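Breakdown of the fold
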Amino acid sequence: MIEQQNNIVTLLPIDNETIALDDFDNIIIGASIRYGKHNKKVYEFINKNQEILENKENAFFSVNIVARKPNKNTPETNPYLLKFLKQISWKPKNLAVFGGKLDYQKYGVFDRQMIRFIMWLTKGDTDPKSVIEYTNWEEVDKFAKLICNIHNKTLTRSISPDMECISNPQ
Ligand SMILES: Cc1cc2nc3c(=O)[nH]c(=O)nc-3n(C[C@H](O)[C@H](O)[C@H](O)COP(=O)(O)O)c2cc1C
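Just so you know, these numbers come straight off a predicted model, no measurement behind them. (Residues numbered from 1 in each chain as written. Predicted model: local features only at pLDDT ≥ 70, side-chain atom pairs only at ≥ 80, totals over all residues.)

The next subject is the environment of Glu44. Relative to the assigned elements, Glu44 resides in helix 1 (residues 40-54). Classification of Glu44 by C-beta neighbours within 10 Å gives exposed; the count is 12. (Helix = DSSP H or I, 4+ residues; strand = E, 2+ residues; numbered from the N terminus. Buried ≥ 20, exposed ≤ 12 C-beta atoms within 10 Å, placed from the backbone.)

Turning next to the environment of Asn26. Among the secondary structure elements, Asn26 is positioned in strand 1 (residues 26-34). The buried category is assigned to Asn26, around which 24 C-beta atoms lie within 10 Å.

Quick look at the site of the ligand now. Looking at the ligand, there are 16 residues lining it, with Ser32, Asn64, Ile65, Val66 and Gly100 nearest. Of all the elements in the fold, those that place two or more residues in the shell around the ligand are strand 1, strand 3 (57-64), strand 5 (101-103) and helix 3 (109-121). With three residues, strand 1 is the single largest residue contributor to the shell around the ligand. When grouped by side-chain class, the residues that make up the shell around the ligand number eight nonpolar, four polar and four charged. (Near = placed C-beta within 6 Å. Nonpolar A, V, L, I, M, F, W, Y, C, P; charged D, E, K, R; others polar.)

Before going further, it helps to spend a moment on helix 2 (residues 79-87). Here helix 2 has its buried residues at Tyr80, Leu81 and Phe84. For helix 2, the arc enclosing every buried residue in end-on projection is 95°, short of the 170-degree limit, so these residues lie on one face. Facing away from the buried side of helix 2 by over 90 degrees, the exposed positions are Lys83 and Lys86. In the core, the buried residues of helix 2 are packed alongside strand 1, strand 2 (37-38), strand 3 and strand 4 (94-99). (Arc of directions from axis to C-beta. Contact = placed C-beta atoms within 7 Å.)

For the rest of this paragraph, the subject is the sheet that holds strand 1. Spatially, four strands are ordered 2-1-3-4 in an open sheet, and the strand pairing comes out mixed. For this open sheet the edge positions go to strand 2 and strand 4, each flanked by a neighbour on one side alone. Both strand 3 and strand 4 contribute to a ladder of six bridges, which runs parallel. What sits directly across from Asn64, in strand 4, is Gly99. (Pairing = 2+ DSSP bridges.)

Another point: helix 3. Owing to its 3.6 residues per turn, the α-helix brings residues three or four apart onto one side. Across its 13 residues, helix 3 extends 18 Å between first and last C-alpha, which sits within 8% of the 18 Å expected from 1.5 Å per residue. Backbone geometry just after helix 3 places Lys123 at a positive phi near 60°. (Expected span 1.5 Å × (residues − 1).)

Grouped together as the largest cluster of nonpolar side chains are 31 residues, with contacts concentrated most on Ile29, Val42, Phe61, Val97, Phe98 and Ile147. When contributions to this core are tallied by element, the ones reaching two or more residues are strand 1, helix 1, strand 3, helix 2, strand 4 and helix 4 (137-150). Among the elements that take part in this core, strand 1 stands out by supplying five residues, more than any other. (Core = buried A, V, L, I, M, F, W, Y, C linked by C-beta atoms within 7 Å.)

The predicted coordinates ought not to be read in detail in places where the model reports low pLDDT. Overall, the prediction assigns the chain a mean pLDDT of 89, with 88% of residues at 70 or greater. In this model, residues 158-170 is a region of pLDDT below 50 whose contacts with residues beyond four sequence positions or in other chains number 73 contacts. (pLDDT = per-residue confidence, 0-100.)

The next subject is the pairing of strand 1. Burial of strand 1 is extensive: seven of the nine residues sit out of reach of the surface. In this sheet, strand 3 lies alongside strand 1 in parallel orientation, the contact comprising seven bridges. Looking across to strand 3, one finds that Ile28 is bridged to Ala59. Examined bridge by bridge, strand 1 and strand 2 share two bridges and lie antiparallel to one another. When the sheet's bridge partners are listed, Arg34 is paired in strand 2 with Lys37. The hairpin formed by strand 1 and strand 2 contains two residues between the paired strands, and Tyr35 there has a positive phi angle of roughly 45°.

This brings us to unusual backbone geometry. One non-glycine residue, Tyr35, lies in the positive phi region at around 45°. With respect to the helices, strands and loops of the structure, Tyr35 is situated in the loop between strand 1 and strand 2. For Tyr35, a count of 8 C-beta atoms within 10 Å puts it in the exposed group. A positive phi angle, near 60°, is found at Lys123, a position not held by glycine. Its place among the elements puts Lys123 in the loop between helix 3 and strand 6 (131-133).

Have a look at this one:
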């Protein structure tokens, strides 16, 4: 979507030591939830680069299964994102939350059983063969359009699998 709007996107892992953040106009960080938490590397990245982040357009989005629930799928209602924002002093200019993918067969025995248990507790799908993508791609597109509108100019580059950084080289 962002590339279709004539931007260049660079997708990089959060722990890429060679990232030259100054080369980007817009930085988007995305992180998924594992057992109630975002990866600690995300906190480290934000703490280390907060000043640079604040001097650029920026955004943060969280991906988790709890966001499958209509009452927990916005930045104002998703408990993981709310908790995360309390733990950091960076205030992202744009926020989003997306439902993630449930794929029991891809998990090891321990994770599968744990996630089935969590899903049972939260009245979700517990069939070990289930593959369900809870992502609302229309919402993802809307977020991407928002980012494009903010940076309707030139190129865009980005960071992450787990964590993305998108930006427009100056
Ligand atoms: C080991 C594991 C633990 C997870 N724990 C949670 C959790 O506590 N809460 C939640 O909402 N989603 C949880 N999820 C769901 C992930 O956040 C979701 O599947 C996401 O799409 C995973 O994206 P990733 O594989 O790119 O990290 C968990 C997934 C895995 C594999």
